[in-house]
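Next come the chains, spelled out residue by residue.
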Amino acid sequence: MKVVLAGGKKITYYLAKNLISKGMAVTIINKDKAFCEEMAKTLKALIIHGDASNLSVLKKVEIFDNDLVVALTNRDQDNLIICELAARVLKVNQVFSLINDSENEQIFRELGITNTINMSEIFTGVIEQRLASYPIINLMPFEEGKALVIQIEVEEGFPIVGKWLKDLPFAEGALVGTVNRKGNVFIPHGDTVFEVGDRLLVICLPVDQTQTLQAITGWD
Amino acid sequence: MSKRKSWYAILIGSGRFGARLAGKLSNEDHSVVVIDKNESKFENLPLEYTGFTIQGDATDIEVLKAAKVQKADLFLALTDDDNTNFFVSQVAKVIFHVPHVISRVYDPANLPLFHEYKIETITPVLLALSTANRMLEKIAEEEK
């Protein structure tokens, strides 16, 4: 069994490196001649220079039905035709495709390409999960992401309810900038006591984001 | 004389071929939308063209939705890239159930794939070959 990686640059290289280190036989097909030459020098893989969406190129590789084909180009239409050719014409059982535009995943699925790797969807999911675990109203990066302003509403059960600001286990790199209490906005002092319903603007460094949010919400 | 049914036609690619076909269809009182990634390609459209143009990438499903592809009677994929044509034709046929999907196919080797999905095809190489064949036969006939 071998893994055929069709198209793609960096992702193909790192994927190939991983697979080879696990003892798999890897074949790379790429349109870019310079990339092919570089890969031939650095990887113990069979490198074919050519367009993988061209059936005659795919046929040159001698793909068997128990092989695995992964389409990794940055154009979904190229990935679709690579998968279709591999699955329908070469009868490959295991066909995978990188999805660039997440909306195209449904299209691939309806066309029978069910092994999809939807990069932007995966990232969106991870980010959403990270954010959704806290009752954040707004999170805005400033200074090229080196500073964060987080808007958060104090809910029942938060450990900061009824506590003084100066008693909170905040990191050095975090502070509560303003409090909005029933429409009345003020700047908190060390002896400000937080109430349920307070809306806070918290300023922090990205490294302190998790600790700060945990201190306010008590959530993991 | 009964009036022929007016179609809602969507054409992808406003090159020489797409633009002329769009002109013909709009001349025959069909509703036509031409989509092209490159706005300057709309300059290929003939003066009498009265349909709509949408600048955008037809492989983006939002662009096709903006063109109301679900209402189309006729969908023609006429870009110079077989993979793009295959992709958008598939989307029109399988996702939006457009009754008539026609695609330009440059490489005859790709034809079986298009036909497997019941996409009608126009293959310039084969058309040119058949025209050339007819001419050669005519010459041979005359030389007899």
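Here, the structure is the one placed above.
Below: a short report on this structure. Remember, it's a predicted structure, so these values are computed and weren't measured experimentally. (Residues numbered from 1 in each chain as written. Chains lettered and ligands numbered in written order. Predicted model: local features only at pLDDT ≥ 70, side-chain atom pairs only at ≥ 80, totals over all residues.)

1. Remarks on the overall build of chain A
1) Next: Each helix and strand in chain A was counted, giving seven helices and 11 strands.
2) Next: Taking 17 Å as the expected radius of gyration for a compact globule of 220 residues, we find that chain A reaches 26 Å, considerably beyond that expectation.
3) Next: Oriented by its inertia axes, the alpha-carbon framework of chain A measures out at about 75 × 40 × 30 Å.
4) Next: The buried share of chain A, reckoned over its 220 residues, is 30%.
5) Next: In chain A, the share of contacts with a sequence separation of at least 24, taken over all contacts with a separation of at least 6, comes to 54%. (Helix = DSSP H or I, 4+ residues; strand = E, 2+ residues; numbered from the N terminus. Rg over C-alpha atoms; globule rule 2.2 N^0.38 Å. Buried ≥ 20, exposed ≤ 12 C-beta atoms within 10 Å, placed from the backbone. Contact = placed C-beta atoms within 7 Å.)

2. Regarding the sheet that holds strand β6 (residues 115-118) of chain A
All names here are of chain A.
1) Next: Spatial ordering of the open sheet is given by β3-β2-β1-β4-β5-β6, a layout of six strands whose pairing is parallel. Looking at the sheet topology across the chains shown, the edges are occupied by β3 (46-49) and β6. Going from strand to strand, the sheet's axes swing by 15 degrees on average, the running direction of each strand aside.
2) Next: Two elements, strand β5 (residues 94-99) and β6, share four bridges in a ladder whose sense is parallel. Paired with I99 across the bridge in β6 is N118.
3) Next: Packed on one face of the sheet, helix α4 (residues 76-89) meets β1 (2-6), β4 (68-71) and β5 and runs near 175 degrees to β5. (Pairing = 2+ DSSP bridges. Axes fitted to C-alpha atoms, helices over the stretch in contact; angles between N-to-C directions.)

3. Quick look at the nonpolar core
1) Next: A:V4, A:A6, A:V69, A:V70 and B:L11 are the most contacted members of the largest nonpolar core, which totals 68 residues.
2) Next: What A:V69 contacts, discounting residues up to four positions off in sequence, is A:V4, A:A6, A:I63, A:A86, A:V92 and A:V95.
3) Next: Listed in part, the 14 residues of the second largest apolar core include A:L200, A:V202, A:L213 and A:I216. (Core = buried A, V, L, I, M, F, W, Y, C linked by C-beta atoms within 7 Å.)

4. Quick word on the interface of chain B and chain A
Where interface size is given, it is often the accessible area lost as the parts come together that is meant.
1) Next: Contact residues are listed per partner, giving 14 residues for chain B and 16 residues for chain A.
2) Next: The biggest single contributor to the side of chain B that touches chain A is helix α3 (residues 82-95) of chain B, with eight residues.
3) Next: Of the residues in the side of chain B that touches chain A, the class split is eight nonpolar, four polar and two charged. (Nonpolar A, V, L, I, M, F, W, Y, C, P; charged D, E, K, R; others polar.)

5. Regarding the sheet that holds strand β9 (residues 174-181) of chain A
Residue and element names in this part refer to chain A.
1) Next: An order of β7-β8-β11-β9-β10 is seen for the five strands of this open sheet, with the pairing classed as antiparallel. For this open sheet the edge positions go to β7 (136-142) and β10 (184-186), each flanked by a neighbour on one side alone. Strand after strand, the sheet turns through a mean of 20 degrees between neighbouring axes, direction not considered.
2) Next: This element, helix α7 (residues 209-217), spans β8 (147-153), β9 and β11 (199-204) of the sheet and lies at about 155 degrees to β11.

6. Re the environment of B:T123
Residue and element names in this part refer to chain B.
1) Next: Here T123 lies in the loop between β6 (120-122) and α5 (124-143).
2) Next: Residue T123 is classed as partly exposed on the basis of its C-beta count, with 19 C-beta atoms lying within 10 Å.
3) Next: Sequence separation of T123 and Y106 is 17 residues, and the distance between their C-alpha atoms is 5.8 Å.
4) Next: The residues contacting T123, other than those within four sequence positions of it, are V105, P108 and L111.

7. Points about the environment of A:E38
1) Next: Tracing the backbone shows A:E38 in helix α2 (residues 33-42).
2) Next: Sequence-wise, A:E38 and A:F170 are 132 residues apart; in three dimensions their C-alpha atoms are separated by 50 Å.

8. Comments concerning the pairing of strand β5 (residues 100-104) of chain B
All names here are of chain B.
1) Next: Among the five residues of β5, four are classified as buried, and the element is accordingly described as predominantly covered.
2) Next: Examined bridge by bridge, strand β4 (residues 74-77) and β5 share four bridges and lie parallel to one another. Opposite F75, over in β5, you have V101 as the bridge partner.
3) Next: The parallel pair β4 and β5, bridged by α3, forms a crossover whose chirality is right-handed.
4) Next: Taken together, the three bridges between β5 and β6 define a ladder with parallel strand orientation. If you follow S103 over to β6, its bridge partner there is T121.
5) Next: Where the polypeptide runs from β5 across helix α4 (residues 111-116) and back to β6, its parallel neighbour, the crossover connection is right-handed. (Right-handed = clockwise from strand over helix to strand, strands pointing away.)

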